[in-house]
Amino acid sequence: MSKKVIQFEKNHTINHLLINNSQQMLPPLKSATCYLDLLAKEPLTKQQSFNLIQAKNELKQVEYGLDHYHPYLNEKWNEQREMSFMKELQDVVHLMKSYAQMYQVELLFTSTVKEDVSIMGDPEMLRFALLNIIKNGVEACSPKGCVNISLHEMIKDVFIVIEDNGNGIPKHVIRQIGKPLTSGKLNGSGLGLASTYKITESMGGRVEVASHLNKGTIFSLYFPKWVSIEG
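This text gives an overview of the structure that appears in the document. (Residues numbered from 1 in each chain as written. Predicted model: local features only at pLDDT ≥ 70, side-chain atom pairs only at ≥ 80, totals over all residues. Heavy atoms only, no water.)

Time to look at the packing of helix H3 (residues 85-102) against helix H4 (residues 123-140). Where H3 meets H4, the axes come as close as 9 Å, and the angle between the chain directions of the two elements is 35 degrees. Where H3 crosses over H4, the handedness of that crossing is right-handed. Facing H3, whose interface residues are Phe85, Glu88, Leu89, Val92, Leu95, Met96, Tyr99 and Ala100, H4 presents Pro123, Leu126, Arg127, Leu130, Leu131, Ile134, Lys135, Val138 and Glu139. By residue class, the composition of the contact of H3 with H4 is 13 nonpolar, no polar and four charged. (Axes fitted to C-alpha atoms, helices over the stretch in contact; angles between N-to-C directions. Helix = DSSP H or I, 4+ residues; strand = E, 2+ residues; numbered from the N terminus. Left-handed = near helix turned anticlockwise from the far one by under 90°. Contact = heavy atoms within 4.5 Å. Nonpolar A, V, L, I, M, F, W, Y, C, P; charged D, E, K, R; others polar.)

A few words on the pattern of salt bridges. Under the defined criterion, the tally for this structure stands at six salt bridges. For the salt bridge of Asp37 with Lys56, the shortest nitrogen-to-oxygen distance reads 2.7 Å. Placement of the pair is Asp37 in helix H1 (residues 2-39) and Lys56 in helix H2 (residues 46-74), with a sequence separation of 19 residues. Residue classification places Asp37 among the partly exposed positions, given a relative accessible area of 32%. Residue Arg206 is joined to Glu208 by a salt bridge in which the shortest nitrogen-to-oxygen separation is 3.2 Å. (Salt bridge = Lys/Arg side-chain N within 4 Å of Asp/Glu carboxyl O. Buried < 20%, exposed > 50% of the residue type's maximum accessible area, 1.4 Å probe, protein only.)

Time to look at the pairing of strand S7 (residues 216-224). Within S7, seven of the nine residues are buried, which leaves the element mostly enclosed by the surrounding structure. The pairing of strand S5 (residues 157-164) with S7 spans eight bridges and is classified as antiparallel. By the bridge assignment, Glu163 is partnered in S7 with Ile218. Relative to S7, strand S6 (residues 206-212) runs antiparallel, the two sharing seven bridges. Paired with Ala210 across the two strands is Ile218, which belongs to S7. What sits between the antiparallel neighbours S6 and S7 is a turn of three residues, in which Asn214 has the positive phi angle 65 degrees. (Pairing = 2+ DSSP bridges.)

Another aspect to go through is the nonpolar core. Judged by nonpolar contacts, the single largest core of 41 residues is most densely connected at Phe85 and Ile149. No other element matches the nine residues that H4 contributes to this core. (Core = buried A, V, L, I, M, F, W, Y, C linked by side-chain atoms within 4.5 Å.)

Remark on secondary structure: sheet strands pair via backbone hydrogen bonds, oriented parallel or antiparallel. In spatial order, the strands read S2-S4-S5-S7-S6; together these five strands make up an open sheet with mixed pairing. Of all strands in the sheet, those bounded by a partner on one side alone are strand S2 (106-111) and S6. Strand-to-strand twist in this sheet, taken as the mean axis angle between neighbours without regard to direction, amounts to 15 degrees. Bridge count between S2 and strand S4 (residues 146-153): six bridges; the pairing is parallel.

Structural data, given as structure tokens:
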């Protein structure tokens, strides 16, 4: 019980620290984006234009992440409702297509699900959870690498498999993955995956991960199907 109390206090402290830090980071990020918009109006070379677009996309990803950490950290976002899993997944894949192209990584999507499946959860948080893993997969790949996203279903669950052929994650990191401040990236905070785990679990699901160095990583996210009962 003492360990649980200490862990709660630590999580609570980290929570407030992250909220404070993210609130301080958002204004300069928005200002930097505005300056880049002004710079885009100037005559630029093809390479400069490409670098500018890449910088803007990176800033948007950070801003998007900080905007969505707030509800996660405050734990006020858990307003669940019935939603189309296929639609939410397709929206995320569409969003990440251009991001993958920046890294010269191919993003593939397949589905063995014949009919749309409904699940219960917060659509924004689900998109954030999926985006996190797909983004990590893209960044883990070398140019001309590939991230495969596939959707499947079982009797009671629907699950998505996100597989990349990147560098892989060391075993000692795999054992801690999903915990805050644990990351497989050089300067990663681990908060993205911690969010993904927390969101998935809040929807009654689970996350499984398998990785091999220099071969790639596979994330599998399972969610219980939702069958609405009328009357």
